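# Chains, contacts and geometry: an overview
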Amino acid sequence: MTDLAQDRTGPQGTLRPRSADQELRARARAVIPGGMYGHQNAGPLPPEYPQFMRSGRGARIWDVDGNEYVDLMNSYGPVVLGHRHPAVEEAAARQAAQADCQNGPGPVMVELAELLVETVDHADWAMLAKNGTDATTACCTIARAQTGRGTILAAKGAYHGAAPWCTPRPAGVTPADRANLAYYTFNDLASVRAAAAGAGDDLAGILVSPFRHDAGFDQELVDPAFARGLREVCDAAGAALILDDVRCGFRLALGSSWEPVGVRPDLSAWSKAIANGHALAAVLGNDAFRGGAQEVFITGSFWFAAAAMAASIATIGALRDEDAIATMARTGEELRAGILAQADNYGFAVNYTGPPQMPYLTFTGDRGHALASEFAGHAIRHGAYLHPRHNWFVSAAMTGDDLALALGATDAAFAALRRRLSGS
Ligand SMILES: Cc1ncc(COP(=O)(O)O)c(C=O)c1O
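Let me begin by describing the structure that accompanies this report. (Residues numbered from 1 in each chain as written. Predicted model: local features only at pLDDT ≥ 70, side-chain atom pairs only at ≥ 80, totals over all residues. Heavy atoms only, no water.)

### Details of the site of the ligand
Going by this rule: The near set for a molecule or strand comprises every residue that places at least one heavy atom within 4 Å of it. In protein, a polar contact means a hydrogen-donor-capable atom and an acceptor-capable atom, both N or O and within 3.5 Å, with residues adjacent in sequence counting only if both atoms are side-chain atoms; elsewhere, any N or O pair within 3.5 Å suffices. Per-residue and other accessible areas were derived by the Shrake-Rupley procedure at a 1.4 Å probe size, with only the shown protein chains allowed to occlude residues. Think of it as three bins: nonpolar holds Ala, Val, Leu, Ile, Met, Phe, Trp, Tyr, Cys and Pro, charged holds Asp, Glu, Lys and Arg, and polar takes everything else, Gly as well.
Surrounding the ligand, one finds Asn 131, Gly 132, Thr 133, Tyr 159, His 160, Gly 161, His 213, Asp 244, Val 246, Arg 247 and Lys 272. One nitrogen or oxygen atom from the side chain of Asp 244 is found 2.7 Å from a nitrogen atom belonging to the ligand. The protein chains hide 87% of the 390 Å² of surface that the ligand would expose on its own. Of the residues contributing to the shell around the ligand, the split by class is 2 nonpolar, 6 polar and 3 charged.

What follows is the structure, given as structure tokens:
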């Protein structure tokens, strides 16, 4: 693969063959099952995508061969202020220089818990962990501990993590792993009521995403009446309303992604953006579920490490001080307007769905995401790293130049698709 970036008009105007990436992939195949796994596996992506990345700053990233891209994925969500945000990196480094992983947490754990409780509308307490799956799993466990019941309702097709109870792949999962789950359809209150009735007096909680962001599907914003209806069903049953804010948290609103909707969950799961790329997750809850949270034994060797907590405090501070959510929304609106104008100009029917900070583009009638993949392959050649089957993430670091580069790349991608389809 030596000519991948042949028509690349990227920021440095340089084309580098993917030799370092290819060499790493070959070495990885010998020592990593499948060469790579999980959501960052570049194997299913168009061949233009690098697997291995070298660095990032602001809204720009570089692969191991030195190719530069404007980043529209931001580590699939964790990077919200841009790569290597100075205040966040300084806070993490200052804490790490003192101590990171010790016999007990540092004072930053209390400071961060206080900040989270002050920032998030429904939170009376906070527990910290590492990954989103830790947090969603803990929410379910706490709901069960508090209610003394077993059944959790989740939306069909929603992603809540990679543990056996929620992984989208069936390999290695037993029916017993899913025995206490029942499913409803997002934004369909009747299906929730039916699933709740099916659970009878065993309903421990209802797990829901802020909006429908299932990978590979057009996104669907939440109907506020649906959110209010979930709250009512939970109140009537004495069950926990659990918001999975892992993907959206701190991109749509600071007080939780349902703060603007006006619905407060009992428990919420957070990770990804809360420490701008440092490994951290949080479970937040209200006083009604404090007892259950106190009873459960949940922990991890690295859950109390202090540097990521310091990074999180700095991240929340910067999100506030830099008005980052409004900035992301504005940039996202401009990206949407630009891409929709381009699609129209080149005669493509597309669906551009989701909030502006977390958009997703599909081509109408595009079977197997074939056109989307071709589009993404062209876009990355021209310097925009986006994704054909997963929502994108806009960061607050995107400048006018970054946006211009991204839109230049998408314009070139639409043009290339149109040329291919019209046979010219
Ligand atoms: C909505 C949602 N919940 C949970 C998770 C799991 O988080 P993690 O991958 O950090 O375990 C993710 C990850 O993408 C997610 O998007």
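### Re the pairing of strand S11 (residues 350-353)
Formally: Following DSSP output, two strands are said to pair if at least two bridges run between them. Numbered from the N terminus, helices here are DSSP runs of H or I no shorter than four residues, and strands are runs of E no shorter than two.
Pairing of S11 with strand S12 (residues 360-363) involves 4 bridges; the strand directions are antiparallel. The residue of S12 that forms the bridge with Thr 353 is Tyr 360. Hairpin connection of S11 to S12: 6 residues between the antiparallel strands, including Gly 354 at a positive phi of 95°.

### Here's the deal with the sheet that holds strand S7 (residues 203-208)
The criterion, for reference: In this analysis an axis means a line fitted to C-alpha atoms, helices contributing only their contacting stretch, and an angle means the value between N-to-C directions, from 0 to 180 degrees.
Judged by pairing direction, the sheet is mixed, and its 7 strands sit side by side in the order S4-S10-S9-S8-S7-S5-S6 without closing on themselves. Of all strands in the sheet, those bounded by a partner on one side alone are strand S4 (125-129) and strand S6 (181-184). The sheet shows a mean angle of 20° between the axes of neighbouring strands, taken without regard to direction. Where strand S9 (residues 267-270) meets strand S10 (residues 281-285), 4 bridges bridge the pair, whose relative direction is antiparallel. Counterpart to Leu 267 in the pairing with S10 is Gly 285.

### Observations concerning helix H10 (residues 370-381)
To keep it simple, the criterion reads: By this rule, a helix spans an expected 1.5 Å times one less than how many residues it contains. The buried label goes to any residue with under 20% of its type's maximum accessible area, the exposed label to any with over 50%, and the partly exposed label to all in between, with areas taken from a 1.4 Å probe on protein chains only. The contact criterion used is simple: two residues touch if any of their non-hydrogen atoms lie within 4.5 Å.
When the terminal C-alpha atoms of H10 are compared, their 17 Å separation across 12 residues agrees well with the 16 Å that a helix rising 1.5 Å per residue should span. The element H10 is largely enclosed, with a buried count of 10 among its 12 residues. Leu 371, Ala 372, Ser 373, Phe 375, Ala 376, Gly 377, His 378, Ala 379, Ile 380 and Arg 381 are the residues of H10 that are buried. Packing partners of the buried residues in H10 comprise strand S3 (68-71), S12, strand S13 (384-385) and helix H11 (400-421).

### Observations regarding unusual backbone geometry
Of note in the backbone geometry, Asn 74 takes a positive phi value of approximately 50° without being a glycine. Even without being glycine, Ser 256 reaches a positive phi, approximately 115°. According to the relative accessible area criterion, Ser 256 is buried, its value standing at 0%.

### Topic: the environment of Ala 154
Summarising the element assignment, Ala 154 is placed in strand S5 (residues 151-155). Its relative accessible area of 4% is what places Ala 154 among the buried residues. Expressed as a C-alpha distance, the spacing of Ala 154 and Leu 72, which sit 82 residues apart in the sequence, is 29 Å. Setting aside chain neighbours within four positions, we find Ala 154 in contact with His 160, Ala 182, Tyr 183, Tyr 184 and Leu 207.

### Some points on the nonpolar core
Spelled out, the test is: To define a nonpolar core, start from buried Ala, Val, Leu, Ile, Met, Phe, Trp, Tyr and Cys residues and group those joined through side-chain atoms within 4.5 Å.
Counting 45 residues, the largest nonpolar core has Leu 335, Leu 361, Phe 363, Trp 392 and Phe 414 as its most contacted members. Mapped onto this core, the elements with two or more residues apiece are S3, helix H9 (324-345), S11, S12, H10, S13 and H11. The residues touching Trp 392, leaving out its near neighbours within four places in the chain, are Leu 72, Met 73, Leu 335, Ile 339, Tyr 352, Gln 357, Met 358, Pro 359, Tyr 360, Leu 361, Leu 386 and His 387. Counting residues in each nonpolar core, the second largest holds 37 residues, with Leu 280, Ala 308, Met 328 and Ala 396 among its members.

### Describing the sheet that holds S13
The strand order S1-S2-S3-S13 describes an open sheet built from 4 strands, whose pairing is mixed. Each edge of the open sheet is held by one strand with a lone partner, namely strand S1 (53-57) and S13. Bridging between S3 and S13 involves 2 bridges; their strand directions are parallel. Pairing of Val 70 across the sheet is with Ala 384, part of S13.

### Concerning the packing of aromatic side chains
Here is the rule we go by: Stacked, tilted and edge-to-face pairs are distinguished by plane angle, under 30 degrees for stacked and over 60 for edge-to-face with tilted covering the rest, among Phe, Tyr and Trp rings (Trp via its six-membered ring) whose centres lie within 6.5 Å. Lysine NZ or arginine CZ positioned within 6 Å of the ring centre and within 35 degrees of the ring normal marks a charge as sitting over the ring.
Going through the model one piece at a time under the given rule, you end up with 12 aromatic pairs. Taken together, a centroid distance of 5.0 Å and an interplanar angle of 85° make the contact between Tyr 49 and Tyr 385 edge-to-face. With Tyr 49 in the loop between helix H1 (19-31) and S1 and Tyr 385 in strand S13, this residue pair connects regions lying 336 residues apart in the sequence. Overall, the relative accessible area of 1% leaves Tyr 49 in the buried class. One aromatic cluster is present, formed by Tyr 346, Phe 348, Phe 363, Phe 375 and Phe 414 through successive ring pairs. Between Arg 418 and the ring centre of Phe 348, over which it is positioned, the NZ or CZ distance is 4.2 Å.

### Topic: the packing of helix H3 (residues 107-119) against helix H8 (residues 306-321)
For the record, the criterion: Note on convention: the crossing is left-handed when the near helix lies turned anticlockwise from the far helix by less than a right angle, right-handed when the turn is clockwise.
The interhelical angle for the contact between H3 and H8, taken along N-to-C directions, is 35°, at an axis separation of 9 Å. Regarding H3 and H8, the two cross each other, and that crossing is left-handed. Along the contact surface, H3 presents Val 108, Met 109, Glu 111, Leu 112, Leu 115, Leu 116, Glu 118 and Thr 119, while H8 presents Ala 306, Met 309, Ala 310, Ser 312, Ile 313, Ile 316 and Arg 320. Its residues assigned to classes, the contact of H3 with H8 shows 10 nonpolar, 2 polar and 3 charged.

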